[in-house]
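An overview of the molecular structure
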Amino acid sequence: MANAVLPTLTPPDVDGGPPVRKRPKVKPKRQNLAGWLFVGPVIFGVLFFQLAPVAASLVVSLTNWSGLNKPEFLGLGNYRELFTADDTFYSSLRNTVIFTVVVVVLTILIGLGLAVLCNQKVKGIGIFRTLYYSPVVTNVVAIGFVWFWLYDPDNGLFNSTLKTIGIDGPAWLSDTKTALIAVIVVAIWQGVGYPMVILLAGLQNIDPSLTEAATVDGATAWRRFWAVVFPLLTPSLFFLTITQFITSFQVFGIIYVMTSGGPNNATSVFIFHIYEAAFGHGRLGYASAMGWVLFVIVGVVTAIQWKMEKRWVHYDN
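Attention in this report is confined to the structure presented alongside it. (Residues numbered from 1 in each chain as written. Predicted model: local features only at pLDDT ≥ 70, side-chain atom pairs only at ≥ 80, totals over all residues. Heavy atoms only, no water.)

**Description of the overall build of the chain**
- In terms of regular secondary structure, the chain is built from 14 helices and two strands.
- Its C-alpha radius of gyration of 29 Å places the chain more than 25% over the 20 Å reference for a compact globule of 317 residues.
- The principal-axis extent of the C-alpha atoms belonging to the chain is close to 115 × 70 × 40 Å.
- Out of the 317 residues belonging to the chain, those deemed buried represent 33%.
- Carbon and sulfur atoms make up 67% of the accessible area of the chain, which amounts to about 20,600 Å² in all.
- Between the averaged position of the 21 positive side-chain charges in the chain and that of its 16 negative side-chain charges there is a distance of 15 Å. (Helix = DSSP H or I, 4+ residues; strand = E, 2+ residues; numbered from the N terminus. Rg over C-alpha atoms; globule rule 2.2 N^0.38 Å. Buried < 20%, exposed > 50% of the residue type's maximum accessible area, 1.4 Å probe, protein only. Areas by Shrake-Rupley, 256 points an atom, 1.4 Å probe, with all protein chains shown as cover. Lys, Arg positive; Asp, Glu negative; His and termini not counted. Charge placed at Lys NZ, Arg CZ, Asp CG, Glu CD.)

What follows is the structure in structure tokens.
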């Protein structure tokens with residue numbers, strides 16, 4: 001008797017039901033097409049709205065162009081003028097460095113202290129977390145106007161309070177000695193909530209058994225924090241040093257609203273100087289050259305930070 005060919009059936013599922021049909025395989029080319037259709041708009045946006053303007057700005061930085069006239073090729077003329085004949089460039093760079101160093105250090109330190117306080121399990125702690133973070137998402141124009149009133153030399157809250165104890169307050173935003181300090185205080189008040197949230201997440205991600213073991217070994221609260229908690233927070237601190245540096249070095253809004261770079265360029269920062277060159281004096285080529293100098297500065301400092309990462313950042317493996 002000839003051997004009969006039996007049909008191949010898909011095994012039934014675990015419940016003993018009818019045979020389960022296998023899903024048809026999708027051709028690789030069809031999968032690739034679907035993927036490209038999904039990422040296509042993003043790639044288009046990055047190429048034409050980010051990379052293309054960046055490349056165009058490099059070309060513009062080599063020209064004398066106001067946006068209306070025919071570009072005149074200067075080569076490295078804008079860069080030579082920037083480093084040899086522009087005193088405001090160096091003063092704005094100095095103000096930016098001072099602003100960045102003070103703001104980055106103090107926002108991270110104060111944010112760390114607030115994160116430790118907000119990590120306590122007490123009733124209503126969520127309200128305090130919201131209050132500390134709310135300035136981060138508040139409109140910079142509104143913040144600028146409120147603090148401008150607080151700093152008012154005649155009717156402001158600060159000087160009015162000082163008058164009650166017989167002290168004549170300074171003209172905070174009109175004095176070259178105090179203007180930059182006053183703006184730095186506002187920037188710290190506005191920005192401290194962001195490091196607090198990042199470090200609070202880092203604290204809550206630490207295994208409590210580690211600090212409990214240190215307590216059993218007789219470690220004090222400070223010793224537990226420095227030897228156990230702080231090393232585990234270094235990845236978060238590393239992230240903050242990079243992001244806060246980039247953000248602070250590009251400060252513009254609070255300067256524009258409160259002082260417009262004055263008095264006598266005492267609060268003029270790098271981005272504000274670029275803004276004035278581009279839209280105040282119509283020198284788009286010169287402003288583009290400053291933009292590329294800013295890019296190099298930020299890139300070099302960020303590369304150094306990454307290079308130093310292995311020396312102080314500890315990852316919990």
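On we go.
**So, the pattern of salt bridges**
- Evaluation of the coordinates by the stated rule reveals one salt bridge.
- One salt bridge in this structure joins Glu 81 and Arg 283, with 2.9 Å as the shortest N-O distance. Here Arg 283 lies in the loop between α12 (270-280) and α13 (284-307) and Glu 81 lies in helix α2 (residues 77-84), a separation of 202 residues in the sequence.
- We classify Glu 81 as partly exposed; its relative accessible area is 29%.
- For Arg 283, a relative accessible area of 28% corresponds to the partly exposed category. (Salt bridge = Lys/Arg side-chain N within 4 Å of Asp/Glu carboxyl O.)

**Some words on the packing of aromatic side chains**
- Under the criterion given, the structure shown has 25 aromatic pairs.
- One aromatic cluster is present, built from ring pairs that chain together Trp 147, Tyr 151, Phe 158, Trp 172 and Trp 189.
- One cation-aromatic arrangement involves Arg 283 over Tyr 286; the distance from NZ or CZ to the ring centre is 4.3 Å. (Phe/Tyr/Trp six-rings, centres within 6.5 Å; stacked < 30°, edge-to-face > 60°. Lys NZ or Arg CZ within 6 Å of the ring centre and 35° of its normal.)

**A word on the side chain of Thr 267**
- Locating Thr 267 in the fold gives a position in the loop between α11 (253-258) and α12.
- A distance of 2.7 Å separates a polar atom in the side chain of Thr 267 from a polar atom in the side chain of Thr 259.
- If near-sequence neighbours (up to four positions away) are discounted, Thr 267 is found in contact with Asn 95, Ala 179, Leu 180, Val 183, Ile 255, Thr 259, Gly 261 and Gly 262. (Polar contact = N/O pair within 3.5 Å; in protein donor to acceptor, adjacent residues only side chain to side chain. Contact = heavy atoms within 4.5 Å.)

**What to know about unusual backbone geometry**
- Put simply, Gly 262 and Pro 263 share a cis peptide bond, and its omega is -5°.
- Looking at the secondary structure, you find Pro 263 in the loop between α11 and α12.
- Non-glycine residue Ser 260 carries a positive phi angle of around 55°.
- Within the secondary structure layout, Ser 260 lies in the loop between α11 and α12.

**Describing the packing of helix α3 (residues 87-118) against helix α10 (residues 221-249)**
- Across the interface, α3 lies against α10 with an axial gap of 10 Å and an inter-helix angle of 145°. The two elements α3 and α10 meet at a crossing, and its hand is right-handed. Contact with α3, carried on its side by Leu 93, Thr 96, Val 97, Phe 99, Thr 100, Val 103, Val 104, Thr 107, Ile 108, Leu 112 and Val 116, involves Phe 225, Leu 233, Leu 237, Leu 240, Thr 241, Gln 244, Phe 245, Ser 248 and Phe 249 of α10 and no other residues of that element.
- Per-class residue counts for the contact of α3 with α10 are 14 nonpolar, six polar and no charged. (Axes fitted to C-alpha atoms, helices over the stretch in contact; angles between N-to-C directions. Left-handed = near helix turned anticlockwise from the far one by under 90°. Nonpolar A, V, L, I, M, F, W, Y, C, P; charged D, E, K, R; others polar.)

**Looking at α10**
- Taking 1.5 Å as the rise per residue, α10 with 29 residues should run 42 Å; its terminal C-alpha atoms sit only 35 Å apart, a clear shortfall.
- The largest bend in α10 is about 50°, located at Phe 230, with the proline Pro 231 one to four residues further on. (Expected span 1.5 Å × (residues − 1). Bend = angle between axes of the 7 residues up to and from the residue.)

**A word on the environment of Leu 237**
- Structurally, the position occupied by Leu 237 is in helix α10.
- Residue class for Leu 237 comes out buried when judged on its relative accessible area of 7%.
- As a C-alpha pair, Leu 237 and Ile 198 span 39 residues in sequence and 8.6 Å in three-dimensional space.
- Ignoring any residue separated from it by four or fewer positions in sequence, one finds Leu 237 in contact with Ile 108, Leu 199, Phe 230 and Trp 312.

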